[in-house]
Each structure stands twice: as C-alpha cells, then as structure tokens.
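Descriptive structure summary
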Amino acid sequence: NSGNYYVNGIDEIYYSSELHSTFYDLDFNNQVSQDAGYLFGFNQHNQLFTTTKNNGVFRLENSNWNSVGLSGYGTWGAFFVNAQNNRILISKAGYLRGIYYSDNDGTSWTKATTTDVDWCALTIAQNNHIFASSSNGGTGQKGLIKSVDNGSSWNYINNPEFSSVCSFTKSSNNNLYLINTSGKVYKSIDNGDNWQHIANGPIGVSFSGWKRFTIDNLQNMYF
C-alpha cells in the first residue's frame, strides 16, 4: 500500500519508490547474516515477510528483521498468501514440510497438513477455496489438494489426472489452470469444481518438479 516496489536478490531484499529509480537494500543480510529466500508478501499491517533457506521466516518491523519461526531446511522457496480474516498461509518444504497458517500476523504458526509433501503454488479461488499442488518432495501422496475452511484443513482432489501436478495458477478473470506431470493443461471456470483438458504443454520440456506457470490478461499462457 505504500506504493513502493520490492525485489529479492541472492543475499538481500531491496525496495524503491519508483520502478525506474535506485533500489535500496533493507539490511537483511547484515542483520540476519544469511542469504534471503524468495520474497513472501505483506500482512494486514503492511509488514514485509521473507525467508532464509534454512533459518525460517522473518518479518520487517521498523527497519528490523525479526524471526517469526518455522526454522529448518525448506523455507527458501515457500509460498505466501493472504486468506480471509487476515489469516496468512505459507507452504514449507524440506524439514517439517507442509502448509501452515497464522492468525496473529505471522507471530506463530499452526500446521494444517499431515502428509510428508512439498506443497507449492498456494492459490485462492474466487469463492475463497484454496488450492495447493505437488509433484515431488517428501514421501507422502502428491497431487492437488483443496481447503474449503480458509486453510484449516485440506482434502485431495480425487482425479487420477491430478495425482501429480507440477504447476497451478489463477488468471486475471479468475479461471484456474494446472499442468500435470504428463504435460496436460487443464482449466476450470467454476472455482475448481470441474476441469477440462484444453491443451498440452510444450514438446521437449520436462514436467517433473515444480514449474512456474502464468496467464496474462489476453489469456496467453507462459510456462
């Protein structure tokens, strides 16, 4: 809400008041003495969250980076979304992998999933149902899961085509899209209740692991 731009580098978090202006560092590496992970997002008070690879989640408060838990391998690339009632949801890989939520602005966290799986691409549908996908990481059942209670509990989508999903996203017009590890692209126009196979992914591309997938305003797909 400040109108600033934020970006994460290999070892630091930067911000700028203008997109084509100087970016200034936020002193993450100096204070935490570790490389920064992927940029997370903001809570209801516009406090910025980020991670390290092995040392958990950090929140920026009055120019100070404070640890808010979830330490251990796997916080490097965790996903972050703001759900209803100011709840924060993240997914953590590696050590104690799973989906966690916080109802106190990230001060403490509750684990919502029970399986040993690296969940990716946390996505909130237009009806506030929340999805997460997985194709690798851990020993538990992969696939596509959904929460209808703001992230408190999760259930598998029982579709054999979704037993392993490498990417999941929502377009600007609130359609949902996924790609399974066979390279098939599916689309839902009703918040994930029904899915249609609409395309196949690019030939010669590996669909193992987690992949980035997005849709622009003209409904072009980028993978």
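Refer to the structure printed above.
This section reports on the structure supplied with the text. (Residues numbered from 1 in each chain as written. Predicted model: local features only at pLDDT ≥ 70, side-chain atom pairs only at ≥ 80, totals over all residues. Heavy atoms only, no water.)

**Quick notes on the overall build of the chain**
Operational definition: In this text, helices come from DSSP runs of H or I with a minimum length of four residues, and strands from runs of E with a minimum of two, each type numbered from the N-terminal end. With the radius of gyration taken over C-alpha atoms, the globule rule is written as 2.2 Å times the number of residues to the power 0.38. Think of it in three bands: with a 1.4 Å probe and only protein chains considered, a residue is buried below 20% of the maximum accessible area for its type, exposed above 50%, and partly exposed in between. The contact rule is simple, with two residues in contact once any of their heavy atoms fall within 4.5 Å. Values of accessible area rely on a 1.4 Å probe in the Shrake-Rupley scheme; residue burial ignores everything except the protein chains shown. Counting rule applied: Lys, Arg positive; Asp, Glu negative; His and chain ends not counted. All charge positions are set by atom: Lys at NZ, Arg at CZ, Asp at CG, Glu at CD.
Per the secondary structure count, the chain includes one helix and 21 strands. Over its C-alpha atoms the chain spans a radius of gyration of 18 Å, differing by no more than 12% from the 17 Å that the globule rule assigns to 223 residues. With respect to the principal axes defined by its C-alpha atoms, the chain has extents near 45 × 40 × 35 Å. With 223 residues in all, the chain has 46% of them scored as buried. Put simply, 36% of the contacts in the chain that link residues at least 6 apart link residues at least 24 apart. For the chain, the computed accessible surface area is about 11,100 Å², with 44% contributed by carbon and sulfur atoms. Within the chain, one finds 13 positive and 16 negative side-chain charges whose respective centroids are separated by 10 Å.

**Focus: the layout of surface pockets**
Stated formally: Whether a set of points on the 1 Å grid over the protein atoms alone is a cavity depends on a 1.4 Å probe fitting there but being unable to get out, while an open set qualifies as a pocket with protein on both sides within 12 Å along at least five of seven lines; lining residues are those with an atom within 4 Å of a point. Grid points are joined across faces, edges and corners, and a volume is the space filled by probe spheres set on the points. Residues were grouped as follows: Ala, Val, Leu, Ile, Met, Phe, Trp, Tyr, Cys and Pro as nonpolar; Asp, Glu, Lys and Arg as charged; and all remaining residues, including Gly, as polar.
Roughly 630 Å³ of internal volume is contained in the largest pocket. Around the largest pocket, the lining comprises 31 residues; the ones closest to its centre are Gly-77, Ala-78, Phe-79, Cys-120 and Trp-210. Here the residues of the lining of the largest pocket are counted per class, giving 16 nonpolar, eight polar and seven charged.

**Describing the pattern of salt bridges**
Rules: We define a salt bridge as a contact between a side-chain nitrogen of Lys or Arg and a carboxyl oxygen of Asp or Glu at a distance within 4 Å.
Under the defined criterion, the tally for this structure stands at five salt bridges. The partner of Arg-97 in a salt bridge is Asp-118, with the nearest N and O atoms 2.4 Å apart. Here Asp-118 lies in the loop between β11 (110–111) and β12 (120–124) and Arg-97 lies in the loop between β9 (88–92) and β10 (98–102), a separation of 21 residues in the sequence. Note on accessibility: Arg-97 and Asp-118 belong to one class, buried. If you follow the salt bridges from partner to partner, you end up with Arg-97, Asp-116 and Asp-118 in one network.

**Overview of the sheet that holds strand β6 (residues 57–61)**
Our working rule: In this scheme, strands are said to pair when DSSP sees at least two bridges between them.
If you walk across this open sheet you meet the four strands as β4-β5-β6-β7, and the pairing is antiparallel. Two strands in the sheet have a free side with no partner beyond their single neighbour: β4 (41–42) and β7 (64–67). Two strands pair when backbone bridges link them, and β4 and strand β5 (residues 48–51) are joined in this way by two bridges, in the antiparallel orientation. When the bridges of β5 are listed, Phe-42 appears paired with Leu-48.

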